[in-house]
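As a plain string of letters, each chain reads:
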Amino acid sequence: MKHKMIKSLLLALAVLLAGCGSDNAYDGTELIGSNTPTTPEENAMLSVQTQVFQKHATALKQSITQMRQSISTFEQNLTANEVSSLQTQFETLMTEWKSVEAGYVAADYDESLIDTPSAIDFFHTGNVDVAADVQKALDQTGDIESALFKNSSKTITALEYMLFGTATPLDEMVGLMNKDDKRRVNACDVALKNLEAQASKIETFYQNDTKFAANITDASNALANVLIDSSFKLKEWRIGEPSGIALKYAGNPDSNRFEYAKSKRSLEAMRAILLTHQEIMGEQSYANFGSFASQNGAQSVVIAIRKQISDALALLNQFNTPIEEAINGTSVDAKIDTLYATTKELQRLYYESLIQALSLTAEIIEADGD
Amino acid sequence: MVELSGLDFFVESDKRIYWLYMVSALMLAVVIFRNQPDILRKQFSKEVLWHPSARLDYVYFVAVSAVKVLLIVPLLVGADDVIVWMVVFLQEQFGYVERIRIASVWLVGSYTLLIFVANDLTRYWLHRWMHTVPLLWRFHRVHHSAQVLNPLTFYRVHPVENVLFGLRYALTAGSVTALYIYFFGAGISMMQMGGANLFVFVFSLIGANLRHSHIPLRYPAKVERWILSPYQHQLHHSVHYGFKNYGSALSVWDRWFGTLVAGKTRKLRFGLLDETPTHSLLGAFLNPLNKGIKL
C-alpha cells in the first residue's frame, strides 16, 4: 500500500514535470555538453579567432626559421652589423611568441601542448638561473648540444642571454659571439632548433584543430581564461614585481625582474601582449571575441576593456627609452605606476565580463530568511 | 508593476512560491494525507487562510516585494562585486596558481553542489543568530509572530533581515565562485532545472512550501537526519521549539551543532508566547525599530 502510494506520487510528479515542457528542461546538458555555434556571428567570431592564432603561430615559426637561416650563412667571424641583425631578429621572434602566448588556447584542446610554453620561454618558473646554466655550457669545450642538455637552456630566455649577455654592449657581444670558434652562435642554433620544434607543434595544432570552432561555450571559456591569465601576468609579473608595486616585492624595485631585462626588450614584449588583447577584444573590422561579447550583453564592459587596452598601449608609447631604465635604484618612473593601475583595471574588467557571461547572479533561492 | 507586487515570484523557478513548487506541495499533501481529510481541510479553512495573521502575510508579501525592488536590491552589494574583489585579492595575496583542468561535468557538478551546501550552511548560522542575538531577534520575531502558516509566511521577514540575508548570499555565493574561478578559471556554471540550481529545484519540489503550513509532512526518520522535513520546520515555528531546527534544506547542520529535534508528530501552536501579536503592516515594519512603542 505504502509502495503503491509512493509510486503514484512519483508518477504524478513525472507527469507534472513532463507537462512543463522546455520551461523545466535540464539546462545542465547545455552547459557541460556540446554547444555547437549556430549563428553567423558565432561562426564568424570563432573562425576569425582561429585565423588570428594561426597567423601568429605561423609568424613565430617563420621568425625562428629565418633566424636559423641567417645563422647558417655565417662562415666567417660575425660583424657588429650581423650581431645587431640577430638581435633585431630576436626581438621579432620574441614578440611573435608573446602574441602566441597571450592568446594560447591550444592547451585547453590538446593536453600534449600544456607544457609547450615552458619549453619555449622560462619566465617566473622555478629558481633555475638560466643565464648561469648557459654560461656554464659555453665555458665547456665539448659538444655544445650536449652541454645545453637542460630544456631551460634552449628557451627564448636562454637565447636572449646568448645574444645579449647581461645587457652587454654590442662591441663586446661581437667578441663573445666569435669566441671559441663561434660557440655562442652554435649555442643559438641549438636553442633555435628546440624553439622551431615547439613552434611547429603549435602551428600544426592551429592548422588542424576543429574542436575550438565546434563549441562556442568552450571557446568562450578558453578565451576568457587566456585573457584573464595574460592580463594578470602582465600586471603582476611583468610590471608589478620589477617596479616593487606588487605585494611580493613591495617597495623593493629591481629592473632585473623585467621579463627581458638582459635585452632591454621588456616593453616590446608588453606591447605585443596588449596588441594581441586588442586583436581579440578591440574594435576591429572583423568579428572578434570583443564584438561577440558586446552583442551578448557585455557592451559596457567591453567598451571599458577596449579603453584600458588603448590607454595601456598609449602609456607604453610614452617611454622614450627601454622600460628597464625607468627604474633607477629605488626610484620608479610614475608612468609605471599608471601602467600598473591600468592593467589592474583591465584584469578586473575581464573578471567582470566573465562573471556577467556566466550569469552567476541568479540567486540560489532568494535571499530571504526562513 | 508586476515586480513591485511580487507576482512574478509565481513564475520564477528560483523563488520558493514558483507555481510548480506550489503544485507539487499540494499534490504531496493530497496524496499523503488523503486519509486524513481534517488536516487538508484545516489548511484550506477560513480559520487559517483568513486569519488576521494570514491576512497580514498577504499584505506584507506585496509591501516587502516593493521595498526589496525599490530599496534593498539597488543598494545591496551583489555577489558579482564580491567575486571580482575576492579573486583579485586571492591572486595578490596567494599568488598565481596554474589553472586546474578537470572535466566539465565534475566542475559544474561540484560547483552546483558546493554552492548549495555552502548557502545552506550560512543560512543555518545567520538564522540561528537571528534567534540568539537579542538585537537580531527583534527583527526576526516579525517572522515568528505568525500564528497561522501559509507559503507566503516565508516572505514575512523584516527588511533589515532581508538585507542581512542578501549580504549573506552575496558573501557565500561570491566566495565559493571566486574560489572556483581562482582554481579552475572560466567554465564554471550551475546545473539547472528550469533556471534554478538543480539541488534547490529538487528540494523545492519535495514540499518546501509545506514548511509554512499546517500539513505535518514528515520524511522517513533516516532522511530527516539529512534533510529537514516540513514538519521539522513547523516545530521551529511552534512556541516550544523556537530554538531548534534552524536549517533550511539540510538537517545535518542542526544535527552537528546540537539543535535538531524531531520526535513524534504532535499538535503545534504557532506564534510567540510572550506578546500579543501585531497584525498591522506598519507595526510589523516599525515595532522592531521602536522597541518600547507598539503600533
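Residues numbered from 1 in each chain as written. Chains lettered and ligands numbered in written order. Predicted model: local features only at pLDDT ≥ 70, side-chain atom pairs only at ≥ 80, totals over all residues. Heavy atoms only, no water.

Of the regular secondary structure elements, chain A holds 14 helices and 2 strands. Looking at chain A residue by residue over its 370 residues, the buried ones come to 53%. When contacts within chain A are restricted to residue pairs at least 6 apart in sequence, long-range pairs at least 24 apart make up 76% of them. Carbon and sulfur atoms make up 50% of the accessible area of chain A, which amounts to about 16200 Å² in all. (Helix = DSSP H or I, 4+ residues; strand = E, 2+ residues; numbered from the N terminus. Buried < 20%, exposed > 50% of the residue type's maximum accessible area, 1.4 Å probe, protein only. Contact = heavy atoms within 4.5 Å. Areas by Shrake-Rupley, 256 points an atom, 1.4 Å probe, with all protein chains shown as cover.)

It is worth spelling out the overall build of chain B at this point. Counting its secondary structure elements, chain B contains 14 helices and 2 strands. In terms of overall dimensions, chain B is globule-like: its C-alpha atoms have a radius of gyration of 20 Å, near the 19 Å expected for 295 residues. Projected onto the principal axes, the alpha-carbon positions of chain B cover approximately 60 × 45 × 40 Å. Every one of the 295 residues in chain B was classed for burial, and the buried ones make up 56%. When contacts within chain B are restricted to residue pairs at least 6 apart in sequence, those whose partners lie at least 24 apart make up 73%. Seen as two clouds, the 28 positive and the 17 negative side-chain charges of chain B have centres 11 Å apart. (Rg over C-alpha atoms; globule rule 2.2 N^0.38 Å. Lys, Arg positive; Asp, Glu negative; His and termini not counted. Charge placed at Lys NZ, Arg CZ, Asp CG, Glu CD.)

Residues and elements named next belong to chain B. A cluster of nonpolar side chains, contributed by Ile-100, Ile-102, Val-105, Trp-106, Leu-179 and Phe-183, occupies part of the molecular surface with about 550 Å² of accessible area. Listing elements by their share of the nonpolar patch, those giving two or more residues are helix 7 (104-132) and helix 9 (159-184). With respect to the element layout, Ile-100 can be found in the loop between helix 6 (79-94) and helix 7. (Patch = residues over 30% accessible without salt bridge, like charges linked within 9 Å, V, L, I, M, F, W, Y side chains within 5 Å. Salt bridge = Lys/Arg side-chain N within 4 Å of Asp/Glu carboxyl O.)

Residue and element names in this part refer to chain A. Domain boundaries in chain A define domain 1 (40-211) and domain 2 (215-359). At the junction of the two partners, domain 1 supplies 38 residues and domain 2 supplies 34 residues. Between domain 1 and domain 2, a total of about 3000 Å² is buried, with carbon and sulfur atoms accounting for 66% of that surface. Together, Met-45, Phe-123 and His-124 form the three largest contributors to the area buried by domain 1 at its contact with domain 2, with a combined 21%. Across the domain 1-domain 2 interface, the total number found is 4 salt bridges. (Domains from an automatic or database assignment. Buried area = accessible area lost by both parts, 1.4 Å probe.)

Now for the confidence of the model for chain B. For chain B, the average pLDDT comes to 89, and 97% of its residues sit at 70 or higher. Of all the helices and strands in chain B, helix 1 (residues 2-5) of chain B carries the lowest mean pLDDT, 70, while helix 13 (residues 252-256) of chain B carries the highest, 97. (pLDDT = per-residue confidence, 0-100.)

It is worth spelling out the environment of Lys264(A) at this point. Residues and elements named next belong to chain A. Mapped onto the fold, Lys-264 is located in the loop between helix 11 (216-243) and helix 12 (266-281). In this structure the C-alpha to C-alpha distance between Lys-264 and Ser-220, which are 44 residues apart in sequence, comes to 35 Å. Side-chain polar atoms of Lys-264 contact the side chain of Glu-325, separated by 3.1 Å. (Polar contact = N/O pair within 3.5 Å; in protein donor to acceptor, adjacent residues only side chain to side chain.)

On to helix 6 of chain B, then. With 16 residues, helix 6 of chain B should reach 22 Å at 1.5 Å per residue; the first-to-last C-alpha distance of 22 Å fits that figure. In the stretch just after helix 6 of chain B, Gly95(B) is the one whose phi turns positive, near 80°. (Expected span 1.5 Å × (residues − 1).)

Let us now look at the packing of aromatic side chains. Applying the stated criterion across every chain yields a total of 32 aromatic pairs over all chains. Consider the rings of Trp85(B) and Phe89(B), whose centres lie 5.1 Å apart with planes at 10°: the pair is stacked. With Trp85(B) and Phe89(B) both in helix 6 and 4 residues apart, this pair spans about one turn of that helix. Grouped by ring-pair contacts, the aromatic residues Phe53(A), Tyr109(A), Phe205(A), Tyr206(A) and Phe212(A) constitute a single cluster. Here the guanidinium or amino end of Arg184(A) rests over the ring plane of Tyr161(A), the centre of that ring lying 5.0 Å away. (Phe/Tyr/Trp six-rings, centres within 6.5 Å; stacked < 30°, edge-to-face > 60°. Lys NZ or Arg CZ within 6 Å of the ring centre and 35° of its normal.)

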